[in-house]
Every structure is written in structure tokens, then in C-alpha cells.
Amino acid sequence: QVQLVESGGGLVQAGGSLRLSCAASGYTFSNYAMGWFRQAPGKEREFVAAITRSGATKYYADSVKGRFTISRDNAKNTVYLEMNVLKPEDTATYYCATAQKGYRLDSGASAYAYWGQGTQVTVSS
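Calculation criteria
Residues numbered from 1 in each chain as written. Predicted model: local features only at pLDDT ≥ 70, side-chain atom pairs only at ≥ 80, totals over all residues. Heavy atoms only, no water. Pairing = 2+ DSSP bridges. Helix = DSSP H or I, 4+ residues; strand = E, 2+ residues; numbered from the N terminus. Axes fitted to C-alpha atoms, helices over the stretch in contact; angles between N-to-C directions. Buried < 20%, exposed > 50% of the residue type's maximum accessible area, 1.4 Å probe, protein only. Contact = heavy atoms within 4.5 Å. Core = buried A, V, L, I, M, F, W, Y, C linked by side-chain atoms within 4.5 Å.

(A) Structural view of the sheet that holds strand 3 (residues 18-25). Strand order in the open sheet formed by four strands is 1-3-8-7, with antiparallel pairing between adjacent strands. In this open sheet, the two edge strands, each paired with only one partner strand, are strand 1 (3-7) and strand 7 (68-73). The mean inter-strand angle of the sheet, taken between neighbouring strand axes irrespective of direction, is 15°. Across five bridges, the pairing between strand 1 and strand 3 is antiparallel. By the bridge assignment for strand 3, L4 is matched with A24.

Laid out in C-alpha cells, this is it:
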């Protein structure tokens, strides 16, 4: 079955960096766009970044543009989220997600068919 397993979260000071990974299995990874979302306590899940099947095109939320970078390695069935210049407001549980067939880049959660269990990122001030 489809599995998405995130890793790399943790506690970091403001201005620091983290790299999240999401290992996918159970399907042909390179056939699907991927996305990262996050959810802070008491808030709705929000879009962070998305990447096309080949990795050639990326799309970011305004709140992370210029600080976060999404990438993928189709040989390793893994998508990454490099997070730099972290701010306390980046504190959230981060989820990777597999887009539904035919979706290229989308910021809506309904465009994604499979989700990981999440990894916690906490940024202290």
C-alpha cells in the first residue's frame, strides 16, 4: 500500500535551518507531483510547496518563498523540504502529500490523495 514517511523535524532556533525528507513507497513515485503542507495548533492545514513529477517546476506559498526549497530524487523515491531562516511562525507539524493523478501543481489539500503522518518542527525565538 502507499506509504509516506516524513523525517527530519526537530527543535531549532530562529534563523536556523532544517531539512525534511519524505520517503514514498507503494506506487510509482516519479508519476506524481508532490507537496508539503503544515498545520499549527488551532489552525487549518496550509500549503507550503509543491513540485512537479520531474522536479522541473516548483510552487511556493508566499510565506516561505525565498526561504524554503522543495526538491525530489526520483531514484530514491524521496521528496525534500529545505527550510532556511526559520521563524517562530514556521512552527507546525509538516506533512508531505502525493498529488492525485493529473494534478501538476496545486495548493489545495483536496488535490492530494495520500498523506504522511507528519513531522514536528518547532522554532524557538
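On we go.
(B) Here's a closer look at the environment of A111. Tracing the chain through its elements places A111 in the loop between strand 9 (92-99) and strand 10 (112-115). On the basis of relative accessible area, A111 is assigned to the buried category, the value being 1%. Linking A111 and G16, residues 95 residues apart in sequence, is a C-alpha distance of 31 Å. The residues contacting A111, other than those within four sequence positions of it, are A99, Q100, Y103 and D106.

(C) Structural context of the nonpolar core. With 36 residues, the main nonpolar core has W36, V79, L81, M83 and Y94 as its most contacted residues. Those residues in contact with L81 that lie beyond four places of it in its chain are L18, R19, L20, W36, V48, A49, F68, T69, I70 and Y94.

Structural measurements only, silent on function.
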